[in-house]
Amino acid sequence: GRLQGIMAIPNAEVLSLYQDMIENWFYWRHQELYSYKTMITSLESGDVEGFVAHIRGYINSSISFFDFKENTPENVFHAFMLGFLSGLQDTYDITSNGESGLGRYNVILEPKTPDKRGIVLEFKTSKPKKNLTNTAEKALEQIEEKDYAAVLKNKGAREILLLGMAFWGKEMKAVYKVLEGQIP
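Residues numbered from 1 in each chain as written. Predicted model: local features only at pLDDT ≥ 70, side-chain atom pairs only at ≥ 80, totals over all residues. Heavy atoms only, no water.

Draft legend 1. Geometry of the packing of helix α3 (residues 48-61) against helix α4 (residues 74-85). Viewed as axis vectors pointing N to C, α3 and α4 meet at an angle of 120 degrees, and their least axial separation amounts to 13 Å. One way to sum up the angle between α3 and α4 is to call them oblique. The hand of the α3/α4 crossing is right-handed. Of the residues in α4, those in contact with Phe-51, Ile-55, Tyr-58 and Ile-59 of α3 are Phe-80, Met-81, Phe-84 and Leu-85. (Axes fitted to C-alpha atoms, helices over the stretch in contact; angles between N-to-C directions. Helix = DSSP H or I, 4+ residues; strand = E, 2+ residues; numbered from the N terminus. Parallel < 35°, antiparallel > 145°, perpendicular 65-115°, else oblique. Left-handed = near helix turned anticlockwise from the far one by under 90°. Contact = heavy atoms within 4.5 Å.)

Spelled out as structure tokens, the structure:
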């Protein structure tokens, strides 16, 4: 069998190196096509379609960096996405594999200021490819059923983006929902 585990970034220095590495990938390999800053700010501003298009484009054009296969485990995609999201560390507290509601979420972005939306992300791998959309919908349902947004609600979030993402090899689908207004 395969060895599986949880990957964590041990300290701020390693996180900074990881962030610099990803920014350099975008700068040197895809400077004209994909802007790292545009990608992460698209998520921050609520442009989920733009965020997903950037991620999808990057996966499709970066085989030399990430050779995603049909049997690539979920934790590889989790680590991949966590690396991308590290660019939001100035405006969000980023936690991975924490407890909230009735279970353990993949990633929560808690805004450092009240004007930003909270974000909950759940990642799943799809088997087979034809179930990609269904798997993304199941990831979103899991966020809602297990109330992963509870930690953000309890801190007074007025808007929370719930984002379910499914991967199969280099294919990806995402579905989302926005909880708006005064969240009880």
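Draft legend 2. Up close: the sheet that holds strand β7 (residues 171-179). Read from one edge to the other, the open sheet built from five strands follows the order β1-β4-β5-β6-β7, with strand pairing classed as mixed. The open sheet is flanked by β1 (92-96) and β7, the only strands paired with a single partner. Strand-to-strand twist in this sheet, taken as the mean axis angle between neighbours without regard to direction, amounts to 15 degrees. In the packing of α4 onto the sheet, the strands contacted are β1, β4 (107-111), β5 (118-125) and β6 (160-168), and the crossing angle to β5 comes to about 150 degrees. (Pairing = 2+ DSSP bridges.)

Draft legend 3. Focus on the nonpolar core. Within the largest apolar cluster, 29 residues are counted, with the highest numbers of intra-cluster contacts made by Leu-43, Phe-51, Ile-55, Leu-109, Leu-121 and Met-165. Elements represented by at least two residues in this core include exactly α2 (36-45), α3, α4, β4, β5 and β6. Excluding residues that lie within four positions of it along the chain, Met-165 makes contacts with Phe-51, Met-81, Leu-121, Glu-122, Phe-123, Lys-124, Ala-139, Met-172, Lys-173 and Ala-174. Core analysis: the next-biggest nonpolar cluster, separate from the first, contains 16 residues, Leu-132, Ile-160, Trp-168 and Val-175 among them. (Core = buried A, V, L, I, M, F, W, Y, C linked by side-chain atoms within 4.5 Å. Buried < 20%, exposed > 50% of the residue type's maximum accessible area, 1.4 Å probe, protein only.)

Draft legend 4. Representation of the pattern of salt bridges. Under the defined criterion, the tally for this structure stands at seven salt bridges. Across the pair Asp-93 and Lys-112 runs a salt bridge, and its minimum N-O distance is 4.0 Å. Residue Asp-93 is located in strand β1, and its partner Lys-112 is located in the loop between β4 and β5; the two are separated by 19 residues in the primary sequence. By relative accessible area, which is 38% here, Asp-93 ends up partly exposed. Accessibility expressed as a relative area gives 44% for Lys-112, which makes it partly exposed. Where Arg-117 meets Glu-159, a salt bridge forms, and the shortest distance between an N and an O atom there is 2.4 Å. Of this pair, Arg-117 sits in the loop between β4 and β5 while Glu-159 sits in the loop between α6 (150-154) and β6; the two residues are 42 residues apart in sequence, bridging distant segments of the chain. (Salt bridge = Lys/Arg side-chain N within 4 Å of Asp/Glu carboxyl O.)

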